[in-house]
Amino acid sequence: MSILPRHLFRHTGALLATCLVAQTAFSGVAQAEDRAALMKLHRGGTITMAAVSAAGTVDPMINYTAQFWQLFQMTYDGLVKFKQVAGTGGFDIVPALAEAIPEPTNDGKTYVFKIRKGIKFSNGREVMPSDVVASFQRIFKVKGPTTGSFYNGIVGADKCIADSATCTLEGGVTGDDAAGTVTLNLIAPDAEIFSKLAVPHASILPADAPTADAGTTPIAGTGAYMITSYDPNSEMVLKRNPNFKEWSVDAQPDGYADEVVYKFGLTEEAAINAIINGQIDWLFDTPPADRLPQIGTKYASQIHIDPLAAFWYAPMNTNLAPFDNVKVRQALNYAVDRDAVVGLFGGEALGQPVCQILPPDFPGHVDNCIYTKNPGPTWSEPDMEKAQALVDESGTKGQKITVIAEDNAASRGIGTYIASVLTELGYDASMKAISPNIQFTYIQNTNNNVQISVSQWYQDYPAASNFLNVLLSCGSINKGSDSSINIAGYCNKDLDAQMKTAMTTALTDQDAANAIWAKVDQAFMEQAPMVPLITPKSVNFTSARLGNYLFNKQNRWITSQAWVK
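Per-chain numbering applies: the sequence of each chain, read as written, is numbered from 1 onward. Reporting in this predicted model follows two pLDDT cut-offs: at least 70 for local features of residues, and 80 or more for side-chain atom pairs to be given and counted; totals over whole chains, interfaces and linings ignore these cut-offs and use all residues. Excluded from the side-chain calculation are hydrogens and water; included are all heavy atoms of the structure.

**Points about the UniProt feature "domain: Solute-binding protein family" (unreviewed entry) in the chain**
Counted only if it meets this: UniProt positions are given in the numbering used here, feature names are shortened, and annotations may be inferred rather than shown by experiment. Strands are runs of DSSP state E lasting at least 2 residues, helices are runs of H or I lasting at least 4, and numbering of each runs from the N terminus.
When the UniProt feature table is mapped to this numbering, "domain: Solute-binding protein family" (unreviewed entry) covers residues 93-478. Taken end to end, residues 93-478 has its terminal C-alpha atoms 30 Å apart, with 27% of it in helix and 19% in strand.

Set out below in structure tokens:
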């Protein structure tokens, strides 16, 4: 794949930056207007979205993709939720199915939630405390990907992790239907508990929801919309939940469009052309780099650039050759030209090189790059001489390596590039692209023996633990499961202990906790279970007829709050 010249990247970046300013101003005005008047004026119609591929299961407790988490905001709710507004207000946590955010008792280990009355699932059943209890049990019964990192602090979670089939969370989560309350008991205080309760993995579902991955069969939810059909090979259709009445504009606002149709299988090129022609309203995937100058110039008002707390990275399986050798992992970190990866992603306007796990300007991040020709605060250039020396010392040259990437333009390009670097280092390397619908779960399952892959991580919530603890803790390894988010399979009990200390310290001293996280970040990088590549920006190209584009810093585009002419 060719890389655009740097001057073209800068030109495109300036154009897109101008668009960002204009769109931010527009969104702020629209959001400030009277909702009732706006709803009367804009309610109705169909928003049509597109993606190269679907994103796997529609089970909110199992799916772990930014693509579908975006949809779950308007289809499901938890006890609490991230506020559905534009900008950094999206980091605020508000009551959802709970009437209020309760104060802790029992030395910070117990919370009693009062459940709102009258809220119904899309199947017509009223939400009861017993549904909440069953939902928390279900997190473990379906072996959700965050059972060992988010919810292992609930009393009884250890037994549920050991034997998911008989999970009751005895003493951990109890409900009283008559009183309308749910009591949550923790083993120890948790400074991040409400963030963990606000993500889709803690969605409240009907008590009779299946205790296995729902796959392509939607589960009833409490949102303004419900998924009425889903075929990952063609499309998903969402329609208004007939039992929904707006009970909190902050947590679950009523939507403008009557229907949302999400089409899968279009190429990025085809989708861009369809948006230009008014047949599609939004593309999930990043527009191809060679189209950015055109759309940034001719359709400037339809481009939205939004910063993300995220990174693209290449996890290396530390349990498979040759990446079971730390020298090989370090060598690839030295060898990768991160400027080249930025170019493949679309240029300086859309991404920046990184060689740490925690993103810039994120809690716990301290500039420190050890894998560069001139080690220092930031990455400068690759050090092939150092990389080649490490490979020689490892004695692994000539081994076969397959890089697994998503079958889309950006991921294919980056995967091909990484394979070429491995080839240059002396390996028999190749790249295999598979559908984004299955790639993320495929690379997690240890049974597939994936040596190295190209992946991305977008924050679940703004805390260092959400990168380091989730992606690299021993508790995030579930062998033989599609939900083993520690893709590198790297387990370091000493660093696990340091992360637990950081999380405990955060209860009383966030600055001290961040200092611990910075040291943990560096320690992981010294062992190099992954190659951090770039931190991206979200590039959204929308149709001329779509209005009120609002970007939530936590959950990205708020689809329910857009309207179509």
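That shown, we press on.
**A short note on the side chain of Thr 535**
For the record, the criterion: Relative accessibility thresholds used throughout: buried, under 20% of the residue-type maximum; exposed, over 50%; partly exposed, between the two (1.4 Å probe, protein chains only). Definition of a polar contact: a pair of N or O atoms within 3.5 Å, with one able to donate and the other able to accept a hydrogen when the atoms are protein atoms, and with sequence-neighbouring residues admitted only if both atoms are side-chain atoms. We call two residues in contact whenever any of their non-hydrogen atoms come within 4.5 Å of each other.
One can find Thr 535 in strand β18 (residues 530-541). Since its relative accessible area comes to 7%, Thr 535 is described here as buried. Here the side chain of Thr 535 touches Ala 310 through a polar contact of 2.8 Å, landing on its backbone oxygen. Setting aside its immediate chain neighbours within four residues, Thr 535 contacts Leu 308, Ala 310, Phe 311, Leu 350, Gly 351, Gln 352, Val 354 and Pro 360.

**Quick word on helix α2 (residues 35-42)**
The criterion, for reference: Each C-beta atom gives one direction from the helix axis, and the arc is the one those directions make.
Taken residue by residue, α2 has Leu 38, Met 39 and His 42 as its buried positions. Around the axis of α2, the buried residues are gathered within 100° of arc, so they sit on the same side. Those residues of α2 that are exposed and angled more than 90 degrees off the buried face are Ala 36, Lys 40 and Leu 41. Just downstream of α2, Gly 44 is the residue with a positive phi angle, here 120°.

**What to know about the state of the cysteines**
This is how it is decided: Disulfides are defined as cysteine sulfur pairs within 2.5 Å.
A full pass over the atoms with the stated rule returns three disulfides. Residue pairing for Cys 160: its cysteine sulfur links by disulfide to Cys 167, the two sulfurs lying 2.0 Å apart. In this structure, the disulfide formed by Cys 160 and Cys 167 twists by about 80° around the S-S bond and is classed as right-handed. Residue classification places Cys 160 among the buried residues on the basis of a relative accessible area of 2%. What makes Cys 167 buried here is its relative accessible area of 3%. With cysteine numbering restricted to those in disulfides and following the sequence, the chain has the pairing 1-2, 3-4, 5-6.

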